[in-house]
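Below, each chain spelled out in residue letters.
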Amino acid sequence: MDFNLSKEQLMVRSIMREFTENEVKPIAAEIDKTGRFPRETVEKMAKYNMMGIPFPAEYGGAGGDDLAYIIAVEELSKWCASTGVILSAHTSLACWPIYKYGTEEQKQKYLVPLAKGEYLGAFALTEPNAGTDAASQQTTAVLDGDNYILNGTKIFITNGGQADVYIVFAMTDKSKGSRGISAFIVEKDYPGFSIGKIEEKMGIRASSTAELIFQNCIVPKENLLGKEGEGFKIAMSTLDGGRIGIAAQALGIASGALEETIKYVKERQQFGRPLAKFQGLQWMIADMATEIDAARLLVYRAAFNKSNGLPYGKEAAMAKLFASECAMNVTTKCVQLFGGYGYTMDYPMERMMRDAKITEIYEGTSQVQQMVIAAAVLK
Amino acid sequence: MNIIVCIKQVPNTNEVRIDPVRGTLIREGVPSIINPDDRNALEEALRIKDTYENVKVTVLSMGPPQADAALREAIAMGADEGILLTDRAFAGSDTWATSTALAAGIRYIGDYSIIFCGRQAIDGDTAQVGPQIAEHLGLPQITYVEELKIEGDKVIAKRALEDGYFVIESKMPVLLTAIKELNKPRYPSIKGVYDAYKGDKVKLLSAKDIDVDFDNIGLEGSPTQVNRSFTPSGRTGQGEIFQGDYKECVNKLIVRLREKHLV
Amino acid sequence: MAVKVIELKCIGCGKCVRVCPFDAIEMKDKKAVINEKCTACGQCLEACPVEAIEKEEEKKRAGSVDVNEYRGVWVLAEQRQGNLLNVAIELLGEGRKIADALNVPLSAVLLGHNVDDIAERLIKYGADEVLYADHELLEIYTTDAYTKVIYQLVKDKKPEIILLGATNLGRDLAPRLSARIHTGLTADCTKLDVDLENRRLMQTRPAFGGNLMATIICPDHRPQMATVRPGVMEKAKYDENREGEIHKFTPDLKDEDIKAKVVEVVKAAKAIVALEDAKIIVSGGRGLGNPEGFKLIKELADKLGGVVGASRATVDAGWIEQSHQVGQTGKTVRPNLYIACGISGAIQHLAGMQESKVIVAINKDPEAPIFKVADFGIVGDLYEVIPELIEALDNVDDIVEGFKSISKGA
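Computed from a predicted model, the values in this text were never measured in an experiment.

(A) Spotlight on the packing of aromatic side chains. All names here are of chain A. Here the structure, examined in full by the defined rule, presents 16 aromatic pairs over all chains. Geometrically, the ring pair formed by W96 and Y101 is edge-to-face, given 6.2 Å between the ring centres and 90 degrees between the ring planes. Per residue, the accessibility class of W96 equals that of Y101, and both read buried. On the basis of an interplanar angle of 85 degrees and a centroid distance of 5.0 Å, the ring pair of Y166 and F193 is categorised as edge-to-face. Taken as a pair, Y166 in strand β4 (residues 165–171) and F193 in strand β6 (residues 193–198) lie far apart in primary sequence, 27 residues in all. With respect to burial, Y166 and F193 carry one shared label: buried.

Right, here's the structure in full:
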């Protein structure tokens, strides 16, 4: 059993660390405050092949592996969880299903520019009445000659309004239930497709979360991803991978918060000595460090399994469940350790705590993860 | 055109700490990086490569086998190949011996138009190796380069002074040393990282492989020796510290400064 | 002694005594003993039947010289456009002490064109002689011309020590010159001492960004070369009545000697930060929080007639230019008043300013190490304290009077 990262992964980590420090950290507080989407960061990430890390070079990717990609999300999320999820949604939820299920033509047309970062991608499954119960899709797609006609509304779509390409799920045959769902590649300029409400959120405020409206949206039939009726399978398998990305985001938030807190408790003096000298606080720090390490092992294992063709659905669910709750727990305690300062916007702690919460909710709530895990364990 | 960039792997001195008890450097867990000025040198070489046809950039380093990572990183940034001079015989080299070895390495590589170094390394801050290589190779040198142009067979450089700059012209081949004002180095690309580890892009050379006199390298070949090293001691004053109302504090300070004829 | 007898192996046969051409071996207690006449010729080694005599290879380092042939202390008197740099005067001060300790003359090396007035001043600042190379090709510094001229001087006159200023140009010249001479060079020294026993220059310099100090020696090569950072050494005193010799000469220089040619000299329009010369320095650190904070620092500095300094953290963050940096890896300053604002006081910073006559610290954190070296400190938000201070500086007399009356009343 080898717990060492490869030389390549180590170098990716150090590059991502430096990139985050120089390019992401300086604007993190500002884009959180204003809710501005960091387009310039996406462009920079594209320049350095960070937008397609796990995909082969012939498809515009970096030729790397899932763990390297996961490390990238983790490092970005240490200072800016918004940037972390932009990358995660793009890579796991938009690029990956095309890579996995797309035809060669679809890969050339969409995956190449996506992985190069020339396009930004998004994944549209959730509807007002189909959240955790994703099978209850109400968006419909009807074949009409050479096109499918889509009608319906998607909500809470990460990268919505910013993305160029969307993976959209719709019912092609209502009578078949979840087996009647199909997946489509939809370009932002297709007629009948528009962006609705942009959400104001508690955290990850610089990521764009939008409503998508399809009104007789015309999608060429060659943009059907996979076969008709495979949509639900595509969605679920995509989310299995996506969860590792969100778990990495949560892991990043937690470790970033703890790193800052460790610096702080060494410097901050109360009762004539640094906070770090108080045993009660040491215990908190020790517990957090242990929890984060456990989360990291779970997340890295899930990524390792995915890279190596091993089953990873349960592992991804466990990683996300544990890492996201770890992020919430750790950031809450870190705010506590920062005291009054932690509650102010002068320090990043309150932002990290707000950002942490979403990791327990999106791409499957903690309860969904428990369902997935239980189903696997009790089978 | 061939450009050779000399790089050094250094501990990130921003993260070097002193053991308060033993007074020694804590190197453990301190990440190694490509020396910052050397990254500026590499970036400039890569920009020349981006601008002109048929430019080959070779990165050269002397150091322990772990310095391989620095060369791979340089390749991930865009350099074509790396050469690592690694041999116990190089150990303990001062700047004279280091520059002698690197000059031999450069002769081994052979054909070059520009040798690019960083001005100085953050672990030593000596700024000596570049000019010393130039002397060993009999090349003109331009140090502290903050802007560079290539015109035909010449380079034209702005060379920083404390209060302005020289514009210096030299024919190639020439040795240049870069300062951070020269450019903002790119990051290695992620694809570059994976490519850098494919194939045989870094060549290891021992002292025997390059034509160098063993008397001129390593500890024995170094004119200077470290007599002793120690951690700097701080000053412990017994100051008067004012707290509380700012206006009162400031007034007290003003009185004290007046007593010392400072205001 | 280079040849020695291994007593245990010696059988006392005496063959070595007979072959020795210098009568340098005697028999004592049936063992061969080598005396001071030995020249290490090696004849006895050949003669010994039991290999009881060995020659200790005196490991002479490559390029090493007979250090006794080298005498005298030299200081490079750097001038630019006819202006002698302060560091040259500091080097003369330090060079004088070293020359006196070694009991040798102090020479100033001056390169330039029509700078005779500087040559005179170098004598007044303590040089015993000035080696003054006058040539139109030396008017502006070039690596090639300066190296050629000084190298020739060194070959001719064999000084034991050469000190240069660690200026941007000194740090270009010194390594080139040392490589040509094949001698050691110690950069950016902050302290120089002499080991009188073997006339070694003990050169102390910072390493690892100032986290470590190292004392460097150059035992077998001459001259011993060091660059010294501007502002570190005390300036030599000017003595109008001092006399010395000026050896003015025209070096052999041709246009084609200069490969890297200076085609333009540009003085920066921006004001020069003469931190080293400043009497008052107001420095900003990470506690400023952002680059804008330096505006406030500048305001206070202007009010006091001082200049702006900075900690390494702020320079690294790109808030202010490197020329403002004070500390082990920046400039060493010794103003009469040093005001550190929002500087925690990492040891690297302290090293660059702790010789200031009076240190004032303004910092939020009462435990910041800066307060340990400060003569006076104010604990508080610099964004509130500094404006108060700027205002108070307009009313110094009133404030002082006010305090007097209070203390009288009490």
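(B) How the structure looks around the interface of chain C and chain B. On the chain B side, the residues contacting the 92 residues of chain C number 84 residues. Carbon and sulfur atoms make up 58% of the area that chain C and chain B hide from each other, which totals about 7,700 Å². On the chain C side of the interface with chain B, the three residues burying the most area are R61(C), F208(C) and F376(C), jointly 10% of the side's total. On inspection of chain C and its partner chain B, the count reaches seven salt bridges. Along the contact surface separating chain C from chain B lie 30 residue pairs in polar contact (both at pLDDT 80 or more). In terms of residue class, the side of chain C that touches chain B is built from 49 nonpolar, 21 polar and 22 charged. Relative to strand β17 (residues 261–267) of chain C, strand β11 (residues 164–171) of chain B is paired through six bridges, and the arrangement is antiparallel. The partner of G164(B) across the bridge, within β17(C), is K267(C).

(C) Structural detail: the sheet that holds strand β14 (residues 225–230) of chain B. In spatial order, the strands read β14(B)-β14(C)-β13(C)-β12(C); together these four strands make up an open sheet with antiparallel pairing. Strands with a single pairing partner mark the edges of an open sheet, and in this sheet they are β14 of chain B together with β12 (191–195) of chain C. Averaged over all pairs of adjacent strands, the angle between strand axes in this sheet comes to 25 degrees, irrespective of strand direction.

(D) Quick peek at the sheet that holds strand β13 (residues 202–205) of chain B. Spatially, β13(B)-β7(B)-β6(B)-β1(B)-β8(B)-β12(B)-β9(B)-β10(B)-β11(B)-β17(C) is the arrangement adopted by the 10 strands of the open sheet, whose pairing is mixed. Because the sheet does not close on itself, it has two edges, and the strands there are β13 of chain B together with β17 of chain C. Neighbour to neighbour, the strand axes of the sheet diverge by 30 degrees on average, direction disregarded.

(E) Local environment of helix α4 (residues 116–124) of chain C. Burial in α4(C) covers these residues: I118(C), A119(C), L122(C), I123(C) and K124(C). Buried residues along α4(C) sit in contact with β6 (79–80), β7 (83–84), α3 (86–102), β8 (106–112), β9 (129–134) and β16 (245–249) of chain C.

(F) Representation of the pattern of salt bridges within the structure. Within this structure, the stated rule accounts for 63 salt bridges over all chains. For R243(A), the salt bridge identified is with D240(A), shortest N-O distance 3.3 Å. Placement of both R243(A) and D240(A) in helix α6 (residues 231–267) is noted, with a separation of three residues, approximately one turn of the helix. With a closest N to O distance of 3.0 Å, K298(C) and D302(C) form a salt bridge. Linking K298(C) with D302(C), this pair stays in helix α7 (residues 293–304), spanning four residues, or about one helical turn. Note on D302(C): relative accessible area 45%, which makes it partly exposed.

(G) Expanded view of the environment of G252(A). As for its position among the elements, G252(A) is in helix α6. Between the alpha carbons of G252(A) and A289(A) there is a distance of 13 Å; along the sequence they are 37 residues apart.

(H) Just the nonpolar core, in detail. Ranked by size, the top nonpolar core spans 192 residues in total, and within it L150(A), V186(A), V299(A), V5(B) and I114(B) carry the most contacts. With sequence-adjacent residues up to four places away left out, V299(A) is seen in contact with I70(A), I244(A), A247(A), A248(A), L251(A), A319(A) and A323(A). Counting 39 residues, the second largest nonpolar core, distinct from the first, contains V255(B), L296(C), A301(C) and I362(C).

(I) Seen up close, the interface of chain A and chain B. With 22 residues of chain A at the interface, the matching set in chain B holds 15 residues. Interface area lost by chain A to chain B is led by E8(A), M11(A) and Y48(A), which between them contribute 37%. Linking chain A with chain B are two salt bridges. Considering every element that reaches the side of chain A that touches chain B, the biggest residue donor is helix α1 (residues 7–34) of chain A, with 11 residues.

(J) How the structure looks around the environment of L60(B). Tracing the backbone shows L60(B) in strand β6 (residues 56–62). Between the C-alpha atom of L60(B) and that of C117(B), which follows or precedes it by 57 residues, the distance is 9.8 Å.

(K) Quick look at the pairing of strand β1 (residues 121–124) of chain A. Residues and elements named next belong to chain A. Burial along β1 is two-sided: the face carrying G121 and F123 and the face carrying A122 and A124 are both buried. Relative to β4, β1 runs parallel, the two being bridged by four bridges. Its bridge partner lying in β4, G121 is registered against V165.

(L) View of the pairing of β6(B). Residue and element names in this part refer to chain B. Counted residue by residue, β6 has six buried out of seven residues, so it is predominantly covered. One ladder, built from five bridges, connects strand β1 (residues 2–6) with β6; its direction is parallel. Within the sheet, the bridge partner assigned to I4 lies in β6 and is T58. Taken together, the five bridges between β6 and strand β7 (residues 81–85) define a ladder with parallel strand orientation.

(M) Fine view of helix α8 (residues 313–343) of chain A. Over its 31 residues, α8(A) runs only 37 Å from end to end, short of the ideal 45 Å by more than 12%, given 1.5 Å per residue. Its axis deflected by about 90 degrees at L337(A), α8(A) carries its strongest bend there.

Calculation criteria
Throughout this document, residue positions are counted from 1 along each chain, in the order its sequence is written. As a convention, the first chain written is A and the first ligand written is 1, with the rest following in written order. Under the rules for a predicted model, residues below a pLDDT of 70 receive no local features and side-chain atom pairs below 80 are neither given nor counted, while totals for whole chains, interfaces and linings still include all residues. Computation of side-chain values covers all heavy atoms of the structure but excludes hydrogens and water. Note on aromatic pairs: the rings of Phe, Tyr and Trp (six-membered ring only in Trp) are paired at centre separations within 6.5 Å, and the planes decide the class, stacked below 30 degrees, edge-to-face beyond 60, tilted for the rest. Think of it in three bands: with a 1.4 Å probe and only protein chains considered, a residue is buried below 20% of the maximum accessible area for its type, exposed above 50%, and partly exposed in between. Helix and strand definitions here come from DSSP, where helices need a minimum of 4 consecutive H or I residues and strands a minimum of 2 consecutive E residues; each element is numbered from the N-terminal end. Note on contacts: a residue pair is in contact if any heavy atoms of the two residues lie within 4.5 Å. Reported buried area values correspond to the accessible surface (1.4 Å probe) lost by two parts on association, with both partners' losses combined. For this document, the term salt bridge refers to a Lys or Arg side-chain nitrogen within 4 Å of an Asp or Glu carboxyl oxygen. For this analysis, a polar contact is any N or O atom pair within 3.5 Å, provided that within protein one partner can donate a hydrogen and the other can accept it, and provided that sequence-adjacent residues contribute only side-chain to side-chain pairs. The classification used treats Ala, Val, Leu, Ile, Met, Phe, Trp, Tyr, Cys and Pro as nonpolar, Asp, Glu, Lys and Arg as charged, and all other residues, Gly among them, as polar. Here, a strand pair is defined by DSSP locating no fewer than two bridges between the strands. A fitted line through C-alpha atoms represents every axis, and for helices the fit uses only the stretch in contact; the resulting angles, taken between N-to-C directions, go from 0 to 180 degrees. Among buried residues, those of type Ala, Val, Leu, Ile, Met, Phe, Trp, Tyr and Cys that are joined through side-chain atoms within 4.5 Å constitute a nonpolar core. Here the expected length of a helix is defined as 1.5 Å per residue gap, with one fewer gap than residues. A residue's bend is simply the angle between two axes: one fitted to the seven residues ending at it, one to the seven starting at it.

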